[in-house]
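Read off the chains here:
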Amino acid sequence: MLKIAGEPSETVSDVVFRQIRRDIISGALAPGAKIKLEQAKERYSISVSSLREILSRLTTENLVLAEGQRGFEVSPASRKELEELADLRTILETHAIGLSFAAGNLEWEGRIVAAHHKLAAAEKKLLAGDASRTVDWVRYDWEFHQAIVSACDSATLMATLSSVFERFLRYHMLAQSFRGKAVVDDHKLLFELALKRDIEGARVVIRRHIQSGVEHVLKSGRIS
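Residues numbered from 1 in each chain as written. Predicted model: local features only at pLDDT ≥ 70, side-chain atom pairs only at ≥ 80, totals over all residues. Heavy atoms only, no water.

Quick word on the pattern of salt bridges
It is possible for side chains bearing opposite charge to pair when their charged atoms get close. The final tally for this structure, using the stated rule, is 19 salt bridges. In this structure, the salt-bridge partner of Asp23 is Arg43, at a minimum N-O distance of 3.4 Å. Taken as a pair, Asp23 in helix 1 (residues 12-26) and Arg43 in helix 2 (residues 37-44) lie far apart in primary sequence, 20 residues in all. Assessed through its relative accessible area of 16%, Asp23 is described here as buried. Between Lys181 and Asp185 there is a salt bridge, and its shortest N-O distance comes to 2.8 Å. On the criterion of helical spacing, the pair formed by Lys181 and Asp185 is a turn pair, its members being four residues apart in helix 8 (residues 181-196). Residue classification places Asp185 among the partly exposed positions, given a relative accessible area of 35%. (Salt bridge = Lys/Arg side-chain N within 4 Å of Asp/Glu carboxyl O. Helix = DSSP H or I, 4+ residues; strand = E, 2+ residues; numbered from the N terminus. Buried < 20%, exposed > 50% of the residue type's maximum accessible area, 1.4 Å probe, protein only.)

Printed below as a string of structure tokens:
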């Protein structure tokens, strides 16, 4: 997912899969862009046959579209998909919050404290106008939300939420602007509610947080 460091058991295809997926989510591969196999082969240093397999895997997440004999292209971005992803993320994350808050222990609290510390530091830089910290913020944002739900004890739920979160994140990368103080305040409040084990309070914040994210992307004018 957003994890960059590879595992020793990973194959070259696994590494390239993550690289292409990350390039799509970051916007380096733009929505609707044709993926030319010969060029992509050189860019990612992998065979065309392996590249086809990787791109086919990415179609299952709707990040890539297969065009039959015409090859592949990056899935377009649309308001409809953005809203569908927001709804799905809300359902998954609010459910995971309930499970995690009920089961979380001291180690779980420690993960939340550490994740929020890094996120808050990156957000402070962004609020001061240092756009170079955007990449850090993207990583720390997921790490914080992941820490919040990390005690849910469901690998399937975590994997599904991670996939949806990143597809939702693609739209924020396309918007090309930081959401500002409101998102910082949401994260601080969510941090406090997690340590209090306030499930309903955290769910209210998450719903608002996700919906304001949708509104921010739409206001950017980059999604039709």
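Having seen the model, we can carry on.
Considering the confidence of the model for the chain
Confidence along the chain averages 92 in pLDDT terms, with 96% of residues attaining 70 or more. The least confident element of the chain, judged by mean pLDDT, is helix 6 (residues 134-149) at 91; the most confident is helix 4 (residues 79-103) at 98. Throughout residues 1-7 the model reports pLDDT below 50, and contacts reaching past four residues in sequence, or to other chains, amount to 16 contacts. (pLDDT = per-residue confidence, 0-100. Contact = heavy atoms within 4.5 Å.)

A closer look at the sheet that holds strand 1 (residues 34-35)
Across the sheet, which stays open at both edges, the three strands sit in the order 1-3-2 with antiparallel pairing between neighbours. The outermost strands of the open sheet, each flanked by one partner alone, are strand 1 and strand 2 (64-66). Where strand 2 and strand 3 (residues 72-74) come together, three bridges link them in antiparallel fashion. Paired with Val64 across the two strands is Val74, which belongs to strand 3. (Pairing = 2+ DSSP bridges.)

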